[in-house]
Amino acid sequence: MRFFAGRDAGRVASWCGARGWLEAAAVVCLVLLAATTASGLDARYHTYEEVAFELDSLAALYPDLMLVDTIGVSTRDSMVIWSVKISDNVDVEEDEPSILFHAVHHAEEILGLEIVMYAMNDLLSNYASSSQIRGFVDASEIWFVPIHNPEGHKVVLDSLDLSFRKNKRDNNGNSIFDYTPGIGGDIDGVDLNRNYSLNWIHSTDQWISDYYRGPAPFSENEARAVRDLAQAQRFAIALFYHSARSGTKEIVYYPWKWGGKYPPDFPIIDDLARELASRIEKDGGGETYDYQVSGARESFARDWFYANQGALALLVEVGSDIHPPGGAVDDICERNLEGLYYLIRRLHGMGDASGAALTGRITDGSTVDPVAA
């Protein structure tokens with residue numbers, strides 16, 4: 001089941017039919033007509049309000065499989081930050097490995113949201129008919145954060161600034177949103193992917209930078225919301241979707257090589273990154289995503305998740321264009337779905353997943369109680 005808002009009715013109906021989602025027993029597409037978003041971006045891209053509507057609709061349709069929760073609100077505008085859990089017995093904390101798929105650390109990087117929404121729809125709509133999907137959902141707790149930076153995302157979708165990156169923290173305290181559309185140098189805002197505590201000291205303290213780390217580690221509501229979710233769920237794998245405006249595109253980054261030294265689990269996470277990259281075809285076809293160990297020592301989410309929570313954490317720079325035409329989005333989502341599903345298979349060593357399962361149980365030798373690891 002997939003819900004659409006702001007799309008062309010004929011194109012949406014054709015798309016749904018091609019995926020076999022038009023069935024007499026169910027209404028599978030809700031179409032709200034609009035040609036483009038306010039920003040001039042193709043209306044294929046979700047607005048915040050469309051995401052809210054779609055999550056509510058899907059949760060109502062699949063109450064036994066999907067749980068939508070509020071994990072926090074944004075720093076300046078108090079916009080809700082959602083988490084989504086998909087699992088059988090979704091209201092129960094089962095003894096199953098958890099995996100996280102996260103999008104929109106950076107406001108302008110909107111493709112990740114589309115991949116996350118696409119994946120949620122695919123899991124839910126195919127649960128009854130696909131033994132593979134059913135195996136994923138029944139054996140795992142699959143988590144999503146669709147819009148980590150809702151107020152920055154709204155700046156982009158409302159056409160204020162298509163290149164805006166940060167949240168809207170009022171850095172100079174003048175109660176005015178100070179930004180300079182299209183050229184960076186925004187006085188307000190924090191780069192949420194540099195607000196984590198690990199290596200925070202190495203990130204920039206200059207407000208005007210697109211990479212401003214914030215006044216303190218975890219100063220931002222958004223970063224604290226995801227931190228608290230990570231501490232509660234202890235994810236085995238975490239994948240962060242980004243889209244490069246000017247840097248390297250269509251690549252997987254992972255922890256880390258600092259001062260010539262690698263982390264203790266490097267052989268495992270290196271293999272995971274390589275296998276993930278090999279399953280995502282590039283936009284031009286014929287090649288798959290590249291992969292590279294990260295040498296940058298800044299306060300990135302992926303490094304904090306790995307060092308502090310033990311999650312095998314990776315970042316994917318999605319797409320060859322940060323804002324591709326709407327007609328290309330579904331194809332990008334479909335190709336990235338191959339990588340997303342590989343990671344779920346790898347949790348359990350399912351199917352064509354290379355290598356052994358990445359999860360297990362560690363217990364106290366005397367009490368047989370589980371211990372954190």
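All residue numbers refer to position in the chain's written sequence, counted from 1. Residue-level local features of this predicted model are given only where pLDDT is at least 70; pairs of side-chain atoms are given and counted only at 80 or more, and the full residue set underlies all totals for whole chains, interfaces and linings. As a rule here, side-chain values come from all non-hydrogen atoms in the structure, and water together with hydrogens is ignored.

## Re the packing of aromatic side chains
Inference 1: Only rings of Phe, Tyr and Trp enter the pairing, Trp through its six-membered ring, and a pair is recorded when the two centres are within 6.5 Å. The plane angle decides the type: under 30 degrees is stacked, over 60 is edge-to-face, the rest tilted. Applying the stated criterion across every chain, the model contains 16 aromatic pairs.
Inference 2: Each residue in the set Tyr 196, Phe 218, Phe 240, Trp 304 and Phe 305 is aromatic and connected to the rest through ring pairs, giving one cluster.
Inference 3: In this scheme, the term charge over a ring applies when either NZ of a lysine or CZ of an arginine sits within 6 Å of the ring centre and within 35 degrees of the ring normal. When the ring centre of Trp 200 is taken as origin, the NZ or CZ atom of Arg 213, which lies over that ring, is 3.8 Å away.
Inference 4: Residue placement shows Arg 227 over the ring face of Phe 218; its charged tip is 4.9 Å from the ring centre.

## Quick look at unusual backbone geometry
Both trends apply: most residues other than glycine have a negative phi, and most peptide bonds are in trans.
Inference 1: Even without glycine at this site, Phe 218 takes up a positive phi of about 55°.
Inference 2: Structurally, Phe 218 can be placed in the loop between helix H5 (150–157) and helix H6 (221–233).
Inference 3: Residue Phe 218 is classed as buried on the basis of its relative accessible area, which comes to 9%.
Inference 4: Positive phi, normally seen in glycine, also occurs at Arg 234, with a value near 50°.
Inference 5: For helices the rule is a DSSP run of H or I covering at least 4 residues; for strands it is a run of E covering at least 2, with both sets numbered from the N terminus onward. Looking at the element boundaries, Arg 234 is found in the loop between H6 and strand S5 (237–242).
Inference 6: Accessibility expressed as a relative area gives 37% for Arg 234, which makes it partly exposed. Each residue's exposure class comes from its accessible area (1.4 Å probe, protein chains only) as a fraction of the maximum for that residue type: buried when under 20%, exposed when over 50%, partly exposed otherwise.

## Here we look at the pattern of salt bridges
Inference 1: The salt bridge criterion pairs a side-chain nitrogen of Lys or Arg with a carboxyl oxygen of Asp or Glu, the two atoms within 4 Å. Summed over the entire model, instances satisfying the criterion amount to 23 salt bridges.
Inference 2: When the shortest N-O distance is used, the salt bridge between Glu 141 and Lys 85 registers 3.4 Å. Pair noted here: Glu 141 is in strand S4 (residues 141–145) and Lys 85 is in strand S2 (residues 80–86), with a separation of 56 residues, a long-range link.
Inference 3: Overall, the relative accessible area of 2% leaves Lys 85 in the buried class.
Inference 4: A salt bridge links Asp 290 to Lys 282; the nearest nitrogen and oxygen atoms lie 3.0 Å apart.

## Brief notes about H5
Inference 1: By the criterion of burial, H5 is predominantly enclosed, with seven of the eight residues buried.
Inference 2: Every buried residue belonging to H5 is among Pro 150, Glu 151, Gly 152, His 153, Val 155, Val 156 and Leu 157, and all of these are buried.

## Describing the packing of helix H7 (residues 266–278) against helix H9 (residues 326–348)
Inference 1: In contact at an axis separation of 9 Å, H7 and H9 are set at 140° when each is read in the N-to-C sense. Of the possible angle classes, the one that applies to H7 and H9 is oblique. Crossing handedness for the pair H7 and H9: right-handed. Here Asp 271, Leu 272, Glu 275 and Leu 276 of H7 lie close against H9, whose contacting residues are Gly 339, Tyr 342, Leu 343 and Arg 346.
Inference 2: By residue class, the composition of the contact of H7 with H9 is four nonpolar, one polar and three charged. Each axis is a line fitted through C-alpha atoms, taken for helices only over the stretch in contact, and angles between the N-to-C directions span 0 to 180 degrees. What sets the label is the angle itself: under 35 degrees gives roughly parallel, over 145 gives roughly antiparallel, 65 to 115 gives roughly perpendicular, and the rest give oblique. Take the far helix as your reference; a near helix turned counterclockwise from it by less than a right angle gives a left-handed crossing, and one turned clockwise gives a right-handed crossing. The contact definition used throughout considers only heavy atoms, calling two residues in contact when any of these lie within 4.5 Å. Put simply, Ala, Val, Leu, Ile, Met, Phe, Trp, Tyr, Cys and Pro go in the nonpolar bin, Asp, Glu, Lys and Arg in the charged bin, and everything else, Gly too, in the polar bin.

## Some words on the pairing of S5
Successive residues of a regular strand alternate their side chains across the two faces of the sheet.
Inference 1: A large share of S5 lies buried, amounting to six of its six residues.
Inference 2: Because side chains alternate across S5, one face comprises the buried residues Ile 237, Leu 239 and Tyr 241, and the other comprises Ala 238, Phe 240 and His 242, equally buried.
Inference 3: By the bridge criterion, five bridges tie strand S3 (residues 98–103) to S5 in an arrangement that is parallel. Of the residues in S5, the one forming a bridge with Ala 103 is Tyr 241.
Inference 4: Strand direction decides the pairing type here: S5 and strand S8 (residues 312–317), joined by six bridges, are parallel. The residue bridging Ile 237 from the neighbouring strand is Leu 312, located in S8. By definition, two strands form a pair when at least two bridges between them are found by DSSP.

## What to know about the nonpolar core
Inference 1: Side-chain atoms within 4.5 Å are what join buried Ala, Val, Leu, Ile, Met, Phe, Trp, Tyr and Cys residues into a set we call a nonpolar core. Counting 73 residues, the largest nonpolar core has Phe 101 and Phe 144 as the members making the most contacts within it.
Inference 2: Beyond its immediate stretch of four places on either side in the chain, Phe 144 contacts Trp 82, Ser 83, Val 84, Ile 86, Leu 100, Phe 101, Val 116, Ala 119, Met 120 and Leu 123.
Inference 3: In this structure, Val 226, Leu 229, Phe 235 and Ala 311 belong to the second largest nonpolar core, which totals 19 residues.

## Details of the confidence of the model for the chain
Inference 1: For the chain, per-residue confidence averages 88 on the pLDDT scale, and residues scoring 70 or more make up 86% of the total.
Inference 2: Here residues 1–35 is a poorly scored stretch, pLDDT under 50, and it has 73 contacts once near neighbours within four places are set aside; other chains count. Each residue carries a pLDDT score, the predictor's own confidence in it, on a scale running from 0 to 100.

## Notes on the sheet that holds S8
The strands that make up a sheet are held in pairs by hydrogen bonds between backbone atoms, and each pair lies either parallel or antiparallel.
Inference 1: Read from one edge of the open sheet, eight strands run S1-S2-S4-S3-S5-S8-S6-S7, paired in mixed fashion. Looking at strand neighbours, the two that pair on one side only are strand S1 (66–73) and strand S7 (290–293), the edges of this open sheet. Adjacent strand axes in the sheet meet at a mean angle of 20°, parallel and antiparallel pairs treated alike.
Inference 2: Strands S3, S5, strand S6 (251–254) and S8 of the sheet are contacted by helix H8 (residues 301–309), whose axis makes an angle of about 170° with S8.

## Topic: helix H2 (residues 48–61)
Inference 1: For H2, built from 14 residues, the straight-helix expectation of 20 Å at 1.5 Å per residue is met to within 8% by its first-to-last C-alpha distance of 20 Å.
Inference 2: When we look at burial in H2, the residues that qualify are Tyr 48, Glu 50, Val 51, Glu 54, Leu 55, Ser 57 and Leu 58.
Inference 3: Packing partners of the buried residues in H2 comprise S1, S2, helix H3 (111–126) and H5. Here the expected span of a helix is defined as 1.5 Å times the quantity of residues minus one.

## Description of the environment of Leu 55
Inference 1: Within the secondary structure, Leu 55 is located in helix H2.
Inference 2: Once the C-alpha coordinates of Leu 55 and Val 84 are considered, the two residues, 29 residues apart in sequence, prove to be 8.4 Å apart.
Inference 3: Ignoring any residue separated from it by four or fewer positions in sequence, one finds Leu 55 in contact with Met 66, Val 68, Trp 82, Val 84, Met 117, Met 120 and Pro 146.

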